[in-house]
Amino acid sequence: MWLYYFQLGLRSLRRNPALTALMVLTLAVGVAASVATLTVLHVMGGDPIPHKSARLFVPLLDNGPADGYTPGGDPRQTDRQLSYRDASNLLRSGQGERRTAIVGVAAAVAPARPDLAPFAAYGLAPTSDFFAMFEAPFRHGQGWSPADDAAGADVVVLSRALAEKLYGAADPVGRRVNLLGFPFLVSGVLETWKVVPRFHRVVGGRGAFGSEEEFFIPFASMLRHQTEHHGSTNCKGPPAPGYQGLLDSECTWIQFWFETSAAGGGRAALQGYLDNYAAEQRRLGRLPRNAPNRLYNVMEWLEFLKVVGNDNRLSAWLAFGFLLLCLVNAIGLLLAKFSVRAAEVGIRRALGASRREIFRQFLVETTVVGLAGGALGLLLAFGALALIGRQSKELTVAAQMDWTMLAATFAMAVAAAVLAGLLPTWRACQVTPALQLKSQ
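Draft legend 1. Expanded view of the overall build of the chain. Helices and strands together make up the secondary structure of the chain, namely 17 helices and 11 strands. For the chain, the residues scored as buried account for 48% of the 440 residues in total. Across the chain, the fraction of contacts at a sequence separation of at least 24, relative to all contacts at a separation of at least 6, is 77%. Summed over its atoms, the accessible surface of the chain is roughly 20700 Å², and 60% of this surface lies on carbon and sulfur atoms.

As structure tokens, then:
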């Protein structure tokens, strides 16, 4: 019986293709807007490294002045990095399975190719543990060694895009590139980093959907070139030359990450060490605020940075509001469609069809509209996200979409169409057969 109503509904929809197309398109646009918005928010607020995010921690120590600080208060929201002194001490602490300090760096690149003019590039200066901690995928070669960290060696890992720009499709490992005015030895080339959009927000990169970092050089090498040739630009007064000057200053700010060996007990041990370290520094006359010491895992860090802010949440509500508006329009179109079929309903009722059978028939028709609108809406959403992916060159639709959410949205579209059709269907069932037969 239901198959018969389904076939009857398909034939009925084909009788007025323009009105049917408007209903399907109305639902499709609402579904597409909701799916695209929710997928972008899912990518922005999702877990970048779900299988190990509970083992990666950012420590925060409040180095702010005691003036104006209320004892027991939270650290300043702007203090999201450590001083060089603290970062250096934590690197030597041996805590956790891995440790890395990270600082952003901009550099001029002087290509060896005569057809390519010098250009600016942006990268990160971490320690050697960085690549294993964040599971960087290598296309050629590998990262540098702890010995290179200790020596401040001039080695570099290039992104795939920068490597192809400088060397084409050839493997550049073992060649040298002029960076920061010095020849750096290429030790590896990264594959395109599929986790880059969320990774940028984790390590403080250039934006949620900005381009990936173009190169990586050792943290010690960057500091050596900075202190030898440029000094520090973040201090009220420049520190003394060399590493000791940086160590004695509080004006070189660095992001720091720990990786623990276990998701549970590793955090407690790391927090205990951080509290003991801060107490020791206070005895040495540092950290005057005596503020709580904080550890954030990856998802807590994203929350602390307010990655999915109120504006993004508002856009989600607006998307659902737009879907509701589309449903209201669909109700109006269904009322218009079913009202002109009063004569058909009257004849069917006169021939013996019950109101229940009429209700089933029209409800199946609205379900068909919902199915078509939901399917078209998903196709439009895929198209919109593909355009976003083409613009960012990083967001892959298939990798980032939540398929459970898509299935739920499709089901919601069908259910919404059925709900939208309840009033028009009920109105159609109230047709009086005698009046229709008399008028026809």
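Draft legend 2. Quick peek at the confidence of the model for the chain. Here the chain shows a mean pLDDT of 76. Residues at 70 or above account for 69%. Low confidence marks residues 206-210, where pLDDT is under 50. Its contacts with residues over four positions away, or in another chain, come to 18 contacts.

Draft legend 3. Spatial organisation of the packing of aromatic side chains. Going through the model one piece at a time under the given rule, you end up with 13 aromatic pairs. Note on Y84 and F219: the rings are 6.3 Å apart at their centroids and 20° apart in plane angle, and the pair reads as stacked. In this pair, Y84 sits in helix α3 (residues 84-91) while F219 sits in helix α8 (residues 219-230), placing the two residues 135 residues apart along the sequence. By the burial criterion, Y84 is buried, and F219 matches it. Ring centres of F130 and F216 lie 5.6 Å apart, and the angle between their planes is 35°; this geometry places the pair in the tilted category. Taken together, the positions of F130 in helix α4 (residues 130-133) and F216 in strand β9 (residues 215-216) put the pair 86 residues apart, joining distant regions of the chain.

Draft legend 4. Up close: the environment of L379. With respect to the element layout, L379 can be found in helix α14 (residues 355-392). Owing to a relative accessible area of 60%, L379 belongs among the exposed residues under this scheme. In this structure the C-alpha to C-alpha distance between L379 and V31, which are 348 residues apart in sequence, comes to 9.8 Å.

Draft legend 5. Broad picture of the nonpolar core. Ranked by size, the top nonpolar core spans 40 residues in total, and within it V156, L158, L166, V177, L179, F215 and I217 carry the most contacts. At 5 residues, the largest contribution of residues to this core is made by strand β3 (residues 98-110). When neighbours within four sequence positions are excluded, L179 is seen to be in contact with A107, A108, V109, V156, F184, F215 and I217. Counting residues in hydrophobic clusters, the runner-up holds 23 residues, among them L56, L60, F131 and F216.

Draft legend 6. Looking closely at helix α6 (residues 160-167). Among all positions of α6, only L162, A163, L166 and Y167 are buried. Projected down its long axis, α6 shows its buried positions confined to an angular sector of 100°, all on one face. Buried positions along α6 lie against β3, β4 (119-125), β6 (155-159), β7 (176-179), β8 (182-190) and β9. Just beyond α6, the residue with positive phi is G168, at close to 70°.

Reading the values: the criteria
- Residues numbered from 1 in each chain as written.
- Predicted model: local features only at pLDDT ≥ 70, side-chain atom pairs only at ≥ 80, totals over all residues.
- Heavy atoms only, no water.
- Helix = DSSP H or I, 4+ residues; strand = E, 2+ residues; numbered from the N terminus.
- Buried < 20%, exposed > 50% of the residue type's maximum accessible area, 1.4 Å probe, protein only.
- Contact = heavy atoms within 4.5 Å.
- Areas by Shrake-Rupley, 256 points an atom, 1.4 Å probe, with all protein chains shown as cover.
- pLDDT = per-residue confidence, 0-100.
- Phe/Tyr/Trp six-rings, centres within 6.5 Å; stacked < 30°, edge-to-face > 60°.
- Core = buried A, V, L, I, M, F, W, Y, C linked by side-chain atoms within 4.5 Å.
- Arc of directions from axis to C-beta.

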